[in-house]
Amino acid sequence: MLFQKTAHELNTLLKAKEISSEELTEIYIKRIEELEPRINAYITKTHELAREKAKQVDAKRVKGEKLHALAGIPMAIKDNIQTKNVLTTNGSKMMANFIAPYDATIVRKLKNADVVLLGKTNMDEFAMGSTTENSYFGATKNPWNENCVPGGSSGGSAAAVAAGEACYAIGSDTGGSIRQPASFCGIVGLKPTYGCVSKYGITSFASSMEQAGPMTRDVEDCALVAKVLCGFDEKDCMTLDVETPDYLTSLGKSIKGLRIGLPKEYFEYGIEKQTKDKVFAAIKKLEELGAIVEEISMPHTEYALRAYYLLAPGECSSNMACFDSVRYGFRGGNMVNVADMSRESRTLAFGRELKKRLMFGTYIQREGMIKDYFLRAQKVRTLIRQDFEVAFKKYDLLVTSTTYAPTYEFGFKQAEPLRVYENDVYTASANLADVPAITIPCGLVDGKPVGMQLIGKWFDELTLFRVAHAFEQATDFHSNIPVIGGEINA
Amino acid sequence: MNMRMPFSVEELEILQALTGVDINPQETEEFITEYNNLMGWLDKIKVLDVSDVIPTTNGLRISNNAFREDIIEDSFSVEEALMNAPEADGNAFIVPSIY
């Protein structure tokens, strides 16, 4: 089925003129129309724009213009990324009618590569959550099991790719929001090094930790899309002015002799046995491929998640102040004066989890609290970073599970809120230390995907792609495809 | 090390005023329980001795201010600036009385 093919496979077909972008786009649109009533991966569909773009790309191809490898391939973008003249809701009632007046830098780059945008994907409100249950537009279902969450906050992006409703998608990751849903939906997801990808035009949640990145069917697509996204941007002073390597050059190389650290603490936090078994089987495969895997200690790991759940709400409570219903956003309530108008509008428009985090982030920065909590968390962040510095003196990369278990049923969050937070323990450390991390599928447990996470040195995405690709080529987990509603996907 | 402020209805009222959001009595009750649970879990961070540790505000410690030449570049038109305004009139955003 064409909707199950990777971008590089589709590019080969497009180049050989075996299919046109218009035909391909129609296939995806049909797929979306069929599945969306059940999956709800998209908040906004941009099918007319997609058709128009596909037609333009086909015309360019006919003329013999040199095209990017992603040109004419249908994809999706998370809805916290500004897309000019398209609704950009952030999964919130607050921004439900907001039409972005400009493109995020990464959207501009993707447009320059002539990608075909199918729509904007569902997410937890303002990226706060790990299930999509916090979306104003309803939760997204996991294509592998519709009773289960797709993960989050980039759950719509992950589900769209897994269900064949987009060839690939863009997500954003503040504490695991690309990697956890990618793992839950059985696809590849990369959080690049902080400073690689411009945040200009991406709604700020925790500015010091978030990065956008690719969510794809395989590692080669991930490398291809990452190359488009990464690079210095004068509009984001937190991007680093370093040349982005051609990530594709890392593919197909041997991993013999590479030193991989296995942080023992990551396997001590209630990881479920079957998940652990799959990840350890994957690690064994890496050893068979010639890598040297050794257990190491990262002693501050147990504090990482705590630091994350202090810093992220703290930063978010500042970032959310701009949603005051003056220049944009929902306005409602009994408006006596401008302060009341803003407060009533926020009260009516913000969801429960967002309010909870906003108030909590404010609490831990109150006088008498900030020193013991927020500032302490920033110091703990230094210790986490130092753990990585020590580890990377001896090892080329680290390997962990991406989550402690596969996806779980809707409603679990309400019953076990801390357990859901704890699922971020594997991913949040990379955000705190700003190192790159990739998740790749490494098997199924009870029909649900499990992901292995590789964590690399700062700006060393090349090694991540190299190892992830070697693993992928030696296994066939990435070819597992969900069977949706009894259909047989040959 | 100070004792942390306990979660109470009064404390949550202060937080609502500071954040500019209101919650209902049921949410107040639920948040107090959830915050207490969360803080019980987070408090473990206090056992670490961090007295000599420099805080990290971002992992890369980037501080490259982005400068550019002082040249007028394209910016939003009035129409673009106002296109998402809840209420607008001519060149202005309309809001209720500021008092």
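Let me sum up the structure you'll find in this document.

**What about the nonpolar core?**
Note on soluble globular proteins: their nonpolar side chains tend to be buried together.
All names here are of chain A.
Move 1: Membership of the largest hydrophobic core comes to 163 residues, with the highest contact counts inside it found for Met75, Val161, Ala166, Ala169, Ala307, Leu454 and Val467.
Move 2: Broken down by element, this core gets its largest block of residues, 10 residues, from helix α9 (residues 301-319).
Move 3: Setting aside anything within four residues of it in sequence, one finds Ala166 in contact with Tyr28, Pro74, Met75, Ala76, Leu118, Ala160 and Val161.

**Comments concerning the pairing of strand β10 (residues 437-445) of chain A**
Residues and elements named next belong to chain A.
Move 1: Among the nine residues of β10, seven are classified as buried, and the element is accordingly described as predominantly covered.
Move 2: Judged from the three bridges that link them, strand β5 (residues 188-191) and β10 form a sheet pairing that is antiparallel. Paired with Gly189 across the bridge in β10 is Thr439.
Move 3: Sheet topology places β10 next to strand β11 (residues 448-456); seven bridges connect them, and they run antiparallel.

**Describing the interface of chain A and chain B**
Move 1: Taken together, the contact pairs 59 residues of chain A with 50 residues of chain B.
Move 2: Listed by contribution, the elements that provide at least two residues to the side of chain A that touches chain B are α9, α10 (338-349), α11 (352-363), α12 (374-394), α14 (417-422) and α15 (425-433) of chain A.
Move 3: Per-element accounting of the side of chain A that touches chain B gives the leading share, 10 residues, to α12(A).
Move 4: Residue composition of the side of chain A that touches chain B, by class: 31 nonpolar, 12 polar and 16 charged.

**Side note on unusual backbone geometry**
Excluding glycine, residues mostly have negative phi values, and the peptide bonds linking residues are mostly trans.
Residues and elements named next belong to chain A.
Move 1: Looking along the chain, the bond that leaves Gly152 and enters Ser153 is cis, with omega of 10°.
Move 2: Relative to the helices and strands, Ser153 resides in the loop between β3 (116-121) and α5 (155-162).
Move 3: Positive phi values are uncommon outside glycine, yet Asn90 reaches one of about 60°.
Move 4: Inspection of the secondary structure puts Asn90 in the loop between β2 (74-78) and α4 (105-112).
Move 5: Note on Asn90: 29 C-beta atoms within 10 Å, which makes it buried.
Move 6: Despite not being glycine, Phe459 shows a phi value in the positive range, around 60°.
Move 7: Inspection of the secondary structure puts Phe459 in the loop between β11 and α16 (461-474).

Definitions and cut-offs
Residues numbered from 1 in each chain as written. Chains lettered and ligands numbered in written order. Predicted model: local features only at pLDDT ≥ 70, side-chain atom pairs only at ≥ 80, totals over all residues. Core = buried A, V, L, I, M, F, W, Y, C linked by C-beta atoms within 7 Å. Buried ≥ 20, exposed ≤ 12 C-beta atoms within 10 Å, placed from the backbone. Helix = DSSP H or I, 4+ residues; strand = E, 2+ residues; numbered from the N terminus. Contact = placed C-beta atoms within 7 Å. Pairing = 2+ DSSP bridges. Nonpolar A, V, L, I, M, F, W, Y, C, P; charged D, E, K, R; others polar.

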